[in-house]
Amino acid sequence: MRRSLTVRAEPTILHLDLDAFYAAVEQRDKPSLRGKPVVVGGTGGRGVVATASYEARAFGVGSAMSTAEARRRCPNAAFLGGRFDAYREASAAVMRALREVSPVVEPLSLDEAYVDLEAADLPDRSVASVSALARTLRARVAEVTGGLTASVGIGTSKLVAKIASDLDKPDGLVVVPPGLERDVLRPMQVVVIPGVGPATAERLRRAGVHTVEDLEQLSEEELVSLLGRAHGSGLHAMARAEDPRPVEHTREAKSVSVEDTYDTDHVDPRLISALLDRQSAKVTERLRKARLSGRTVSIKVRLHDFSTVSRSATLAGPSDDGRVIARVARQLLRELDTSAGVRLLGVGVSGLADWIQEDLFADEEQPPVVVDPDTQAALDAASRGRGWWPGMDVEHDEHGRGWVWGAGRGVVTVRFETATTGPGRVLSLKADDPALRAHVRPPPEDPPEDPPEDPVDAAADVTDG
Ligand code: DCP
Ligand code: MG
């Protein structure tokens with residue numbers, strides 16, 4: 001079903017974004033951290049912050065900052081690596097709750113989605129009715145996730161709904177009544193408009209444009225001459241809250257990928273790496289042709305014994321930068337033992353964005369890559385091996401379940417608590433204590449509705465061009 005491409009008259013697009021998502025999951029499962037500064041991300045020397053709890057944000061800690069800087073700003077925070085199974089499980093529960101409201105749900109990331117309320121069961125589409133629905137939905141999200149909070153925005157377009165969800169974050173609900181969209185947009189900085197990244201913003205700034213209100217003053221011709229035809233016209237419309245993008249519960253392409261099978265097993269690591277680079281370049285070319293960018297980079301490798309392994313990593317934001325994709329693919333390859341030979345190799349990109357999210361005029365010299373902990377975890381995995389890392393779930397024969405606070409010099413410090421126990425005590429144990437082991441999360445009772453597909457296997461979506 002493809003809905004009309006005009007801007008709606010009723011506030012029927014809902015945008016939901018969980019608050020401090022990874023950190024909130026950590027605080028849920030680690031009662032001693034509730035109300036405290038928590039930083040999730042790469043905890044190693046070159047780690048990057050994925051997110052921080054609002055308590056840590058008060059110290060100026062935020063996403064994409066180096067963990068070293070975050071430690072300077074907030075030395076008392078708990079610094080934790082990511083537990084992706086827990087985040088994926090919470091995300092799946094939220095997406096299910098959204099689909100109870102309307103079948104038309106468009107997830108943007110693990111913690112963010114649009115919902116089309118035109119397909120929802122509502123007495124009418126008044127501000128009062130959609131507000132009531134949103135209140136029920138937020139309560140439901142808390143219920144199915146064990147207490148996570150979400151911020152919700154509702155408006156007549158995606159642009160307005162998304163901006164609205166940010167206006168009263170965290171734990172907020174903002175409905176922009178029809179007719180007031182432009183009043184909401186006017187005072188905002190131009191970067192709130194999708195497609196306006198730092199470099200476009202800089203061009204606009206040089207033309208004296210800072211806010212959406214400033215942008216409104218420019219004619220379409222002026223914007224076109226400043227930014228080019230497509231971008232200029234698009235921006236002219238967006239500045240007026242004319243955003244016709246429909247909520248799309250199915251994506252035309254779920255992934256873009258390339259794979260090759262070889263007649264002979266390749267063993268030379270430099271050759272394998274070069275083949276992978278070539279595939280990354282091909283994938284990039286296809287992404288660009290389709291005007292897409294993607295967040296998740298995957299590789300698929302079939303080894304000499306016909307076992308097939310896939311690895312994937314998620315970037316902080318969608319990218320169509322060939323160097324970024326190639327770099328992540330190579331990093332993923334390094335995790336695998338290919339010394340006995342490789343007979344199939346593939347590279348895929350999924351988590352696609354059909355809107356140009358990246359800055360059209362981004363400086364070519366600076367690929368805007370921020371590695372999130374999903375990638376970081378992949379990269380750290382080799383270095384940390386089977387060791388103990390901060391935040392990981394453990395269980396001890398005598399003391400029960402808990403999580404690693406820190407480890408080093410043959411000692412591991414564990415706090416014994418879970419989501420349901422209340423704050424627990426801290427014990428230092430020997431790192432080789434045979435009674436201590438990693439706790440593996442049991443699979444969720446309901447299978448996740450959207451199992452993360454193997455992007456490389458879903459190769460059929462965008463055909464070889
Ligand atoms: N994320 C990441 N790297 C980034 C940004 C985000 O790994 N540079 C991850 C961690 C976040 C999650 O994605 O928890 C969701 O991103 P959001 O931008 O929605 O940030 P939060 O949910 O953490 O905070 P907010 O309350 O601002 O939504
Ligand atoms: Mg969020």
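To be clear, the structure that these remarks concern was listed above.
Cut-offs used in this document
Residues numbered from 1 in each chain as written. Chains lettered and ligands numbered in written order. Predicted model: local features only at pLDDT ≥ 70, side-chain atom pairs only at ≥ 80, totals over all residues. Heavy atoms only, no water. Helix = DSSP H or I, 4+ residues; strand = E, 2+ residues; numbered from the N terminus. Contact = heavy atoms within 4.5 Å. Pairing = 2+ DSSP bridges. Axes fitted to C-alpha atoms, helices over the stretch in contact; angles between N-to-C directions. Buried < 20%, exposed > 50% of the residue type's maximum accessible area, 1.4 Å probe, protein only. Parallel < 35°, antiparallel > 145°, perpendicular 65-115°, else oblique. Left-handed = near helix turned anticlockwise from the far one by under 90°.

Let us look at the side chain of histidine 266. Tracing the backbone through its elements, the reader meets histidine 266 in strand β9 (residues 255-266). The contact partners of histidine 266, leaving out residues within four places of it in the chain, are Leu271, Ile272, Leu275, Gly341 and Val342.

On to the sheet that holds strand β7 (residues 150-155). Judged by pairing direction, the sheet is mixed, and its five strands sit side by side in the order β5-β6-β1-β7-β8 without closing on themselves. Two strands in the sheet have a free side with no partner beyond their single neighbour: β5 (105-109) and β8 (173-175). Across the sheet, the mean angle from the axis of one strand to that of its neighbour is 15°, orientation sign disregarded. Bridge count between strand β1 (residues 13-18) and strand β6 (residues 112-116): five bridges; the pairing is antiparallel. Of the residues in β6, the one forming a bridge with leucine 16 is alanine 113. Contacts between helix α5 (residues 127-145) and the sheet are confined to β1, β7 and β8, with β8 contributing the most and set at about 160° to the helix.

Looking at the element boundaries, aspartate 243 is found in the loop between α11 (229-238) and β9. Here aspartate 243 falls in the buried class, since its relative accessible area comes to 2%. The residues contacting aspartate 243, other than those within four sequence positions of it, are Val7, Ser157, Lys158, Leu159 and Met238.

Moving on: the packing of helix α8 (residues 198-206) against helix α10 (residues 220-227). In contact at an axis separation of 11 Å, α8 and α10 are set at 125° when each is read in the N-to-C sense. Taken together, the axes of α8 and α10 lie oblique to each other. The way α8 lies across α10 gives a crossing that is right-handed. On α10, the residues touching Thr200, Arg203 and Leu204 of α8 are Leu223, Leu226 and Leu227.

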